Amino acid sequence: MGSQQPPLTAVYLLGVLVTSCLGGFIREDSEIQIRLSNSSSRCQGRLEVRHLDRWLSVCSESWGHSRYHEEDATRLAKKLCPQLRCGRALELARSLFSSTQNKVLCHGSLGSFSNCTSQGASLCRTLILICLEPTTAAPPPTSPPPTTTPEPTAPPRLQLVEGPGGLSCAGVVEFYHGSLGGTISNGTQNLTQGLGDLICRHLRCGSFLRHLPEATLKATPDTRQEWMQWEIQNASCASLEQCFQKRQPWERGTAIGLICSAFQPKVQSRLVGGRGTCEGTVEVRQGGQWAALCDSFPAKNTARWEEVCQEQQCGGVNTYRQLDASEKTSLGLICPQKKLSQCHELHKKQFYCKRVFVTCQDLRPAGLGAGTVMSIILALLLLAVLLVVCGPLAYKKLVKKFRQKKQRQWIGPTGMNQNTLEGALHRSSAQPDNSSDSDYDLHGTQRL
């Protein structure tokens, strides 16, 4: 009967083979890099995977799950948090909003990132994972542990969902504290300037400008019921823990959306029609096109014109005036805020747009325009062509004239060398006069 049982050595070798195979698969998947982004803590935030040398957000529809049950979400969170070298898993949820860029859809077994693709991931929502911070080694407690386990906590943090037009530092506010996270509802208290400044400072986005009117949200059937929404508890709070309190799941409500002063991109401006870049009619740029800035009360917006001059690097504003009725145009753009830097979008004005002519303190001469530069370039090219075509012929003519002039200096009108003529004249003048006095007398007698 002992011979019918497999030898212990064979069983051991089979176990080693199975273990090595499984270990190889684990190592292959463990080489894939994952992280949590869009948060001040490395153990909380949006789940991303390194795919084709890019960090892409993981869709919540990955691994064939359109909705995550409690068991699946817990199992996936428990698998991912140790890979991120974080503590115990607290929450795995879906973001409330979907974006259209930098996302990937993964297939295969739950939590595997070896088969991911960007196809079909344009409109999906991303996964949000919250883990505890890793614990550090501590000395053994001197007192017995408490009988009840306190609720796990994590550092409170804020984040912004993408705002309108892709603006940074603008969007719907989400608050995460402990194992809970979600949007913030006004509740019984409204968002004040002080609380808005506190939120923008924590987001490192300057100060609070105004609310976003697009922040009205409606619950959808696929929204997770576990996604807790917060409400304002104390609008005069000094820290985030004191500002918000838990709110039960909601079906319809208004979430807080805001714009901070450090939003980007800003509105661009310029001065045209003047003596230089520091004088002219104010124009602004929107959608890649320039248009006139309309202003019905320029005297009330001195700070706006100061800002325009500073953007042109022309110092402060010197004078500004509204153009005459004959210089009014029918189309333009309006900024409802006091300064252009506070306008995240400009509104069109179809009729009766009143333009403003601004003169800055530092008047600089107008630079070369595009037309002038092109004219200079064309003139230089034409000069180069003329030199190439006519240069050799003109050079030959000049050389020929120079040689003829030099030759006339050495050749007389009879064709004889001037040196020969000068030598002959010199010899004739040097011969002695052999005529006698008698010859002189004879000539004198003949004359008498």
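A quick note: this is a predicted structure, and the numbers were derived from the prediction, not measured. (Residues numbered from 1 in each chain as written. Predicted model: local features only at pLDDT ≥ 70, side-chain atom pairs only at ≥ 80, totals over all residues. Heavy atoms only, no water.)

Enquirer: I'm lost on the overall build of the protein in this one. Help?
Expert: When you go through the protein residue by residue, the secondary structure sums to 8 helices and 23 strands. Classification of the 448 residues of the protein by burial places 36% in the buried group. For the protein, the proportion of contacts with a sequence separation of at least 24, taken over those separated by at least 6, is 67%. Carbon and sulfur atoms form 55% of the exposed surface of the protein, whose accessible area is close to 28,800 Å². (Helix = DSSP H or I, 4+ residues; strand = E, 2+ residues; numbered from the N terminus. Buried < 20%, exposed > 50% of the residue type's maximum accessible area, 1.4 Å probe, protein only. Contact = heavy atoms within 4.5 Å. Areas by Shrake-Rupley, 256 points an atom, 1.4 Å probe, with all protein chains shown as cover.)

Enquirer: Got a minute to help me understand the state of the cysteines in this structure?
Expert: Note on terminology: disulfide describes a covalent bond linking the sulfur atoms of two cysteines. Scanning the model with the defined rule gives 11 disulfides in all. Between the sulfur of Cys59 and that of Cys124 lies a disulfide, 1.8 Å long from S to S. The sign of the -40 degrees torsion about the S-S bond sets the Cys59-Cys124 disulfide as left-handed. With Cys59 in the loop between strand E3 (54-58) and helix H2 (70-83) and Cys124 in the loop between strand E6 (116-117) and strand E7 (125-131), this pair connects stretches of sequence that are 65 residues apart. Like Cys59, the residue Cys124 is buried in the burial classification. (Disulfide = S-S within 2.5 Å.)

Enquirer: Is there a simple way to explain the environment of Gln342 in this structure?
Expert: Along the chain, Gln342 turns up in the loop between strand E21 (332-334) and strand E22 (347-349). Between the alpha carbons of Gln342 and Arg210 there is a distance of 9.4 Å; along the sequence they are 132 residues apart. Not counting residues up to four positions away in its chain, the partners in contact with Gln342 are Leu209, Arg210, Phe263 and Gln337.

Enquirer: Would you mind going over the packing of aromatic side chains with me for this structure?
Expert: Two aromatic rings, taken as a pair, are described by how far apart their centres are and by the angle between their planes. A complete count under the given rule lists 4 aromatic pairs for this structure. Ring centres of Trp63 and Phe113 lie 5.6 Å apart, and the angle between their planes is 75 degrees; on these two criteria the pair is classed as edge-to-face. Highlighted residues: Trp63 in the loop between E3 and H2 and Phe113 in the loop between strand E5 (103-106) and E6, separated in sequence by 50 residues. Taking the relative accessible area as the measure of exposure, Trp63 reaches 6% and is therefore buried. Classification of Phe113 as buried rests on a relative accessible area of 6%. A cation over an aromatic ring shows up here: Arg304 above the ring of Trp305, its NZ or CZ 5.9 Å from the ring centre. Lying over the aromatic face of Phe357, Arg321 brings its terminal NZ or CZ to 5.0 Å of the ring centre. (Phe/Tyr/Trp six-rings, centres within 6.5 Å; stacked < 30°, edge-to-face > 60°. Lys NZ or Arg CZ within 6 Å of the ring centre and 35° of its normal.)

Enquirer: I keep staring at the environment of Thr183 and nothing clicks. Help me out?
Expert: In this structure, Thr183 sits in strand E10 (residues 180-185). Thr183 gets classed as buried once you look at its relative accessible area, which sits at 0%. Sequence spacing of Thr183 and Val172 is 11 residues, and the spatial spacing of their C-alpha atoms is 7.4 Å.

Enquirer: For this particular structure, what's the right way to read the pairing of strand E16 (residues 257-264)?
Expert: Where a strand is regular, its side chains alternate between the two sheet faces. When strand E9 (residues 168-177) meets E16, the two strands line up antiparallel, connected through 4 bridges. Paired with Ser168 across the strands is Gln264, a residue of E16. (Pairing = 2+ DSSP bridges.)

Enquirer: Help me out: how do you make sense of the pattern of salt bridges in this one?
Expert: For side chains bearing opposite charge, pairing can occur when the charged atoms are close. Within this structure, the stated rule accounts for 7 salt bridges. Of the charged contacts, one joins Glu61 and Arg94 as a salt bridge, the two residues approaching to 3.3 Å between their closest N and O atoms. Highlighted residues: Glu61 in the loop between E3 and H2 and Arg94 in strand E4 (residues 89-98), separated in sequence by 33 residues. Judged by relative accessible area, which is 28%, Glu61 ranks as partly exposed. The closest approach of N and O atoms between Asp72 and Arg75, which form a salt bridge, is 3.4 Å. Taken together, the positions of Asp72 and Arg75, both in helix H2 and 3 residues apart, correspond to about one turn of that helix. (Salt bridge = Lys/Arg side-chain N within 4 Å of Asp/Glu carboxyl O.)

Enquirer: Explain H2 to me, please; I cannot follow it from the model alone.
Expert: The α-helix advances 3.6 residues per turn, and as a result positions three or four apart in sequence lie on the same side. Taking 1.5 Å per residue as the helical rise, H2 with its 14 residues ought to reach 20 Å, and the 20 Å between its terminal C-alpha atoms agrees with that figure. What H2 keeps buried is the set Asp72, Ala73, Leu76, Ala77, Leu80 and Cys81. Taken down its axis, H2 places every buried residue within 145 degrees of arc, on the same side. Of the exposed residues in H2, the ones pointing more than 90 degrees away from its buried face are Glu71, Arg75, Lys78 and Pro82. In the stretch just after H2, Arg85 is the one whose phi turns positive, near 60 degrees. (Expected span 1.5 Å × (residues − 1). Arc of directions from axis to C-beta.)

Everything listed here is a matter of geometry and, on its own, says nothing about what the molecule does.
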